[in-house]
Amino acid sequence: MSIIELRDITKTYGAFTALNGVNLTVDEGTVTCVLGDNGAGKSTLIKTLAGLHPPTSGKILVDNKPTVFGSPRDALNAGIATVYQTLAVVDQMSVWRNFFLGNELTTSLGLLRDEEMKTITSNQLHDMGIDLPNVDVEVGQLSGGQRQVVSIARAVHFGARVIVLDEPTAALGVKQSGMVLRFIAAARERGVGVVLITHNPHHAYLVGDHFTILNLGRQVLDADRDEVSLAALTQQMAGGSELEALSHELWE
Ligand SMILES: Nc1ncnc2c1ncn2[C@@H]1O[C@H](COP(=O)(O)OP(=O)(O)OP(=O)(O)O)[C@@H](O)[C@H]1O
């Protein structure tokens with residue numbers, strides 16, 4: 001079932017059109033990849049999904065009902081969690097404190113239930129395939145991939161139905177990217193709808209069920225996995241026909 005659907009979304013900034021008639025459906029337990037080069041409109045799409053700004057025209061449906069996100073809180077209440085590249089984690093705090101940041105478990109006297117929170121954090125990460133030897137370590141000591149994973153696990157644990165990931169592998173090496181992609185697959189297995197924003201078709205193709213390419217605000221590809229090969233995805237991302245024309249020019 002689709003959790004969220006964007007229909008014919010357009011966003012203009014003054015005379016400039018950043019999104020032009022974009023359609024996107026996020027289903028339970030699927031990974032929808034949004035690809036695009038710089039300036040394609042990816043951040044604008046994230047802001048629309050996160051309730052940071054309303055579209056100029058078009059509809060947002062949550063559970064098939066037309067919805068207006070007046071603020072990021074509305075998007076969160078609808079179960080949409082956005083994990084930004086600049087992660088909302090506090091480097092000087094432990095993994096478990098970060099995990100429960102803003103959602104701390106306390107006793108009736110207001111004391112933190114430390115041990116319980118540590119166990120839950122550890123189990124949650126373990127269940128999704130990440131074993132941290134110690135959830136007491138500061139987040140600042142984790143690798144970039146582990147930090148991403150903690151942020152995603154936190155969103156899943158606190159009930160996100162859709163997680164929007166903004167270039168989660170952009171700053172990571174091969175091994176770390178692999179860890180994050182494995183974690184994305186684990187979130188999908190739990191029925192979470194994932195929107196993976198990336199400019200890397202190889203990463204997208206490793207986990208994606210559906211692919212959309214944005215180019216200057218327009219959707220130039222919108223295809224299920226069985227309708228597009230990695231080669232076709234890569235070629236479209238690279239500008240496809242433009243590249244062919246360029247090589248023709250070069251060798252003529
Ligand atoms: N607040 C704004 N006012 C005017 N133009 C904007 C604004 N925000 C974005 N744009 C323009 O909209 C276009 C799409 O920007 P957007 O940030 O969504 O692209 P992107 O795909 O995320 O690119 P990048 O990967 O470089 O961040 C760009 O040309 C950008 O300059």
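Use the structure listed above.
Residues numbered from 1 in each chain as written. Predicted model: local features only at pLDDT ≥ 70, side-chain atom pairs only at ≥ 80, totals over all residues. Heavy atoms only, no water.

Caption draft 1: Inspection of the side chain of Asp166 at higher detail. Of note, Asp166 is situated in strand β7 (residues 162-166). It is Lys42 that comes nearest to the buried, bridge-free Asp166 among opposite-charge side chains, at 7.4 Å. Among all residues touching Asp166, those that are not within four sequence positions of it are Ile46, Val83, Tyr84, Gln85 and Ile197. (Helix = DSSP H or I, 4+ residues; strand = E, 2+ residues; numbered from the N terminus. Buried < 20%, exposed > 50% of the residue type's maximum accessible area, 1.4 Å probe, protein only. Lys, Arg positive; Asp, Glu negative; His and termini not counted. Salt bridge = Lys/Arg side-chain N within 4 Å of Asp/Glu carboxyl O. Contact = heavy atoms within 4.5 Å.)

Caption draft 2: How the structure looks around the site of the ligand. Around the ligand sit Tyr13, Phe16, Ala18, Asp37, Asn38, Gly39, Ala40, Gly41, Lys42, Ser43 and Thr44, and those are all the residues in its vicinity. Here an oxygen atom of the ligand sits 2.7 Å away from a polar atom, N or O, in the main chain of Gly39. Backbone polar atom of Ala40 to an oxygen atom of the ligand: 3.1 Å apart, as the coordinates give it. Notes on the ligand: free accessible area 630 Å², of which the protein chains cover 57%. Contributing elements (two or more residues each) for the shell around the ligand: β2 (16-27) and α1 (42-49). (Near = heavy atom within 4 Å. Polar contact = N/O pair within 3.5 Å; in protein donor to acceptor, adjacent residues only side chain to side chain. Areas by Shrake-Rupley, 256 points an atom, 1.4 Å probe, with all protein chains shown as cover.)

Caption draft 3: Structural detail: the sheet that holds strand β6 (residues 80-83). Pairing in this open sheet of 6 strands is mixed, and the strands run β6-β7-β8-β3-β9-β10 from one edge to the other. Since the sheet does not close on itself, it has two edges, and those belong to β6 and β10 (218-224), each with one partner. If you compare each strand with its neighbour and ignore which way they point, the axes differ by 15° on average. Strand direction decides the pairing type here: strand β3 (residues 31-36) and strand β8 (residues 193-198), joined by 5 bridges, are parallel. Opposite Val31, over in β8, you have Val194 as the bridge partner. In the packing of helix α5 (residues 144-157) onto the sheet, the strands contacted are β6 and β7, and the crossing angle to β7 comes to about 160°. Lying on the sheet, helix α6 (residues 174-189) is in contact with β3, β7 and β8; it crosses β8 at an angle near 155°. (Pairing = 2+ DSSP bridges. Axes fitted to C-alpha atoms, helices over the stretch in contact; angles between N-to-C directions.)

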